[in-house]
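Here is how the chains run, residue by residue.
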Amino acid sequence: NLPFFASFKLINFTKAGEQEAVRCDTVEELMERGCRMEDVISPKNDIDITANQALSPEGREPVQMRPQRINLKLRPGLPATFKVSFKRAVGYPVDLYYLMDLSYSMKDDLANVKELGKDLLAVLKKVTKHARIGFGAFVDKTVLPYTNTNKKKLEKPCDENDQQCQAAFGYRHVLSMTDSEAEFRNQVSQQYISGNLDPPEGSLDAMMQAAVCRNEIGWRNSSTRLLVLTTDAGFHTAGDGKLAGILEPNDEQCHMGGQLYTKSNEMDYPSVGQLATMLEKNNIQPIFAVTQNVEKVYKELSEMIPKSEVGILSSDSRNVVQLIENAYNKLSSKVTVSHDNIPNDVRVLYTPICNNPGPAGYSEGVCDKVPISFNVTVTADSCIKTQSFTIRPQGIKDTLTVTITPVCECECARSVDSVHQHCSDKGSVDCGICRCVEGFIGQFCECSSGNKDTSALRASCRRDNGTECEGRGDCVCGRCQCHTTESGSSYHGEFCQCDDEHCEKFQNKLCGGNGQCNCGECKCNPGYEGSACQCTVSEEGCRTPNNSVCYGRGVCKCNRCECKEGYQRPHCQTCLGCPDQCLSKLNCIECLGFMSGPLKDNCNTVCRGSVHGETVEQFTIPGKECLQKDSEGCWIKFKLEQLVGEDVYRAEIDKQRECPKPPNVTAIIAGSLAGVAIIGILLLLLVKLLIHLNDLKEFRKFENEKKKSKWNEVKTLPSTAVVLNLSACDSRNKGHRDCGWKCLF
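Residues numbered from 1 in each chain as written. Predicted model: local features only at pLDDT ≥ 70, side-chain atom pairs only at ≥ 80, totals over all residues. Heavy atoms only, no water.

## Focus on the overall build of the chain
Looking only at helices and strands, one finds 15 helices and 41 strands in the chain. Per-residue burial for the chain yields a buried fraction of 40% across its 745 residues. Restricting to contacts in the chain with at least 6 residues of sequence separation, those with at least 24 account for 59%. Entry remark: accessible area of the chain is about 41700 Å², with carbon and sulfur atoms responsible for 50%. (Helix = DSSP H or I, 4+ residues; strand = E, 2+ residues; numbered from the N terminus. Buried < 20%, exposed > 50% of the residue type's maximum accessible area, 1.4 Å probe, protein only. Contact = heavy atoms within 4.5 Å. Areas by Shrake-Rupley, 256 points an atom, 1.4 Å probe, with all protein chains shown as cover.)

Following this line, the structure appears as structure tokens:
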């Protein structure tokens, strides 16, 4: 499928065991190998123009673009270029829809627009006899926060002093396309200003409905369609509807009823992308007539909407006719070509052929002068299905339909005979390659597949479901027949996975010149070692002070120790990443030194090979001293010395263990009882104190109440003088509190 590769079709081109893939190469390479040009198959692109009416720029149905239909047969990756011509029709019909912002800020503009019809039709009739105009108006969605939803404010959103004010609305279609100046003036004169709350307006809502409501607006099939938007404010776009709880996206459909946009309060505003797509789809060219304060906003919008223009509107819209005329002249003098429904893996580039072209190689072509032509280059990057796409000038209904058919197979003539001697009389020849009959496989159909199908036999030539024979041989009858290498030697192995040319080199010599390469590994001659046989066999650099090799914890290669994991060079003596041996050997130390612990019953069996221990009074082994607590809670001191090998130690164990004294049970019990007794006494004292405090409180309360009772008795005596019977104070009542009183007032 590569664009510059070709194939050779003669038989006997490949050698025995050679892959048929060598037939596919560049033409130059095939010629160097002795191929004749007439035997090389290299498919070319084919361009077939099936509809090519001449340009006729006059009449009711002019032809403004040629060709109209073209079929391309494309080889993947190979571009095809054809020419497209365009000439704008003379007097081509024009439909202009005037879409006005009727928010309160446009009050002074409305009066001038009402007289606009005569001048607007006069300008359009300069370029065509078939001009029509329509009219629509917009404000914004009639929900908060865009519009005051008070009932009175919805009916009259303007100031109280304004008598002519129409109710709030989103978008209203006022007048369908007409060529009558009087009808335009009559309908527009019935329009009055309205209002809303926020500065941005619902202009995108109105433009979308004007674009998709084709029948309601009255767009003709064959006309230049202009949509003029006049406003002095910005616009709401997709997502702004969330402020009013409107979450349903715009569906790009017409929803007009009673000349009003009925889904204004139910659907979100359209996005700029949605609007641009629908304007382009319906061949509508927008003209933004806006005031200077929003010029920058609408110029940025115009850059995202193809075939659009922006003009500066005066404060009262007096210059709108001149603005529309200038914008129309700009639009009609420029042609932009684009495409629709382009298939995947297909690229289209346009190169304008004009006096003032846009940048060549762009995905869209632009010319500022007409008549003009474009070179269109189409490239298919893969073998796609037969598909079509459309090329169109923006704003014009004429189209070019391009149908792409991929060329993904060599066009070889099959042999007349059903079987051929070249294929062992078991198959036919196609492009020089044997196509075997059922039951036979192989380069020359020489193998019988037996009870296995072809896929099963080929699967036996794949290692781990990889490439067949590793791409180095042919699968013949379920076994790999290996190819020869570039140097003339052969690949070998069950799956042709081995060769004897790709071993490690030393001093630019394969295996250092001291060994043989076998299946990617060096087999060294006696006396040599290393991955490239670069070293003489020697252990001198690996010898340790105790005359061992790498302390038995590594191997000596190329006169250097290659240590086991964790051990450090040069002689693998220390291990920085190994577990702490003081802890790991504790059980063996305990059973060897004191015949206790979890290994006391099988100490010799478990510890014989790894720890050789003896009890001492003084240590002779240098280094770290271990202090560990054994199973009986005693502290054991010992030292370890690693011997030759990975897990072999000599241990010196201190004879004396430091064991803690047992607890004094009597003292603990006596102390506990004394503590309980003291706590009980303290609790009793605390209770006694609380009871005393409570009694004292009650006594004081009683005294206070007694005093109050005495005062009340005194107050109840009569106000007249009472003469006490002094004689009552006899010896029996002597000392009574009333004795001795003479009178009481």
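## Here's the deal with the packing of aromatic side chains
Using the criterion set out here, one finds six aromatic pairs in the structure. Seen in terms of ring centroids, phenylalanine 135 and phenylalanine 184 are 6.0 Å apart; in terms of plane orientation they differ by 85°. Their pairing is edge-to-face. Pair noted here: phenylalanine 135 is in strand S9 (residues 131-138) and phenylalanine 184 is in helix H5 (residues 181-189), with a separation of 49 residues, a long-range link. The class of phenylalanine 135 is buried, set by a relative accessible area of 0%. What makes phenylalanine 184 buried here is its relative accessible area of 0%. Three or more aromatic residues joined by ring pairs make a cluster, and in this case those are Tyr98, Phe135 and Phe184. Note that arginine 172 overlies the ring of phenylalanine 169, its terminal NZ or CZ placed 4.5 Å from the centroid. One residue, arginine 657, lies across the ring of phenylalanine 594, its end atom 4.5 Å from the ring centre. (Phe/Tyr/Trp six-rings, centres within 6.5 Å; stacked < 30°, edge-to-face > 60°. Lys NZ or Arg CZ within 6 Å of the ring centre and 35° of its normal.)

## Things to note about the pairing of strand S38 (residues 635-642)
Judged from the five bridges that link them, strand S37 (residues 625-629) and S38 form a sheet pairing that is antiparallel. Within S38, the position partnered with glutamate 625 by the bridge is lysine 639. As defined by bridge partners, S38 adjoins strand S39 (residues 649-654) across five bridges and the pair is classed as antiparallel. Among the inter-strand pairings, glutamate 641 is bridged to a residue of S39, identified as arginine 650. Following S38, the chain reverses through six residues before pairing antiparallel with S39; glycine 645 in that reversal takes a positive phi of roughly 125°. (Pairing = 2+ DSSP bridges.)

## Considerations on the state of the cysteines
The full count for this structure, using the stated rule, is 20 disulfides. The disulfide bridge from cysteine 575 ends at cysteine 578, spanning 1.7 Å between sulfur atoms. On the sign convention where negative means left-handed, the S-S torsion of about 80° between cysteine 575 and cysteine 578 marks this disulfide as right-handed. (Disulfide = S-S within 2.5 Å.)

## Section: the sheet that holds S38
The pairing of strands in a sheet comes from backbone hydrogen bonds and takes either a parallel or an antiparallel form. Spatially, the four strands line up as an open sheet ordered S36-S39-S38-S37, and their pairing is mixed. Strands with a single pairing partner mark the edges of an open sheet, and in this sheet they are strand S36 (611-616) and S37. For this sheet the average axis-to-axis angle between neighbouring strands, irrespective of direction, equals 30°. (Axes fitted to C-alpha atoms, helices over the stretch in contact; angles between N-to-C directions.)

## Points about the pattern of salt bridges
One side chain can pair with another of opposite charge once the charged atoms of both are near each other. Applying the stated criterion across every chain, the model contains 23 salt bridges. Between lysine 564 and glutamate 646 there is a salt bridge; the shortest N-O distance is 3.2 Å. Of this pair, lysine 564 sits in the loop between strand S35 (560-563) and helix H12 (581-584) while glutamate 646 is found in the loop between S38 and S39, placing the two residues 82 residues apart along the sequence. It is possible to trace a salt-bridge network through shared partners that takes in Glu614, Glu641, Arg650 and Glu652. (Salt bridge = Lys/Arg side-chain N within 4 Å of Asp/Glu carboxyl O.)

## Describing the nonpolar core
Counting 38 residues, the largest nonpolar core has Leu96, Tyr98 and Phe135 as the members making the most contacts within it. For this core, the leading source of residues is helix H10 (residues 320-332), giving seven residues. Among residues more than four places away in sequence, those in contact with tyrosine 98 are Val113, Leu116, Leu120, Gly134, Phe135, Gly136, Val228, Thr230, Val320 and Ile324. In this structure, Tyr171, Leu204, Ala210 and Ala276 belong to the second largest nonpolar core, which totals 33 residues. (Core = buried A, V, L, I, M, F, W, Y, C linked by side-chain atoms within 4.5 Å.)

## Comments concerning the sheet that holds strand S5 (residues 65-66)
Read across the sheet, four strands follow the order S5-S7-S19-S17 without closing on themselves; strand pairing throughout is antiparallel. Of all strands in the sheet, those bounded by a partner on one side alone are S5 and strand S17 (346-353). Direction of pairing for S5 relative to strand S7 (residues 80-86): antiparallel, over a ladder of two bridges. Each bridged residue has a counterpart across the sheet, and for methionine 65 the counterpart in S7 is phenylalanine 86.

## Focus on a nonpolar patch on the surface
On the surface, Ile679, Leu683, Leu686, Leu689, Leu690 and Leu693 cluster together to form a nonpolar patch covering roughly 570 Å² of accessible area. You can see leucine 689 is positioned in helix H15 (residues 665-715). A residue is classified by how much of its surface remains accessible, and leucine 689, at 44% relative accessible area, is partly exposed. (Patch = residues over 30% accessible without salt bridge, like charges linked within 9 Å, V, L, I, M, F, W, Y side chains within 5 Å.)

## Here we look at the side chain of glutamine 68
One can find glutamine 68 in the loop between S5 and strand S6 (69-74). There is a polar contact of 2.7 Å between the side chain of glutamine 68 and the backbone oxygen of methionine 65. Dropping the residues within four chain positions of it, glutamine 68 is found in contact with Ala51, Asn52, Gln53, Val63, Thr399, Leu400 and Thr401. (Polar contact = N/O pair within 3.5 Å; in protein donor to acceptor, adjacent residues only side chain to side chain.)

## Topic: the environment of isoleucine 384
Its place among the elements puts isoleucine 384 in the loop between strand S19 (372-380) and strand S20 (387-393). Each C-alpha atom, one on isoleucine 384 and one on threonine 405, is 7.8 Å from the other, the two residues being 21 residues apart in sequence. If near-sequence neighbours (up to four positions away) are discounted, isoleucine 384 is found in contact with Pro343, Asn344, Asp345, Val346, Ile404 and Pro406.

By themselves these figures say nothing about function.
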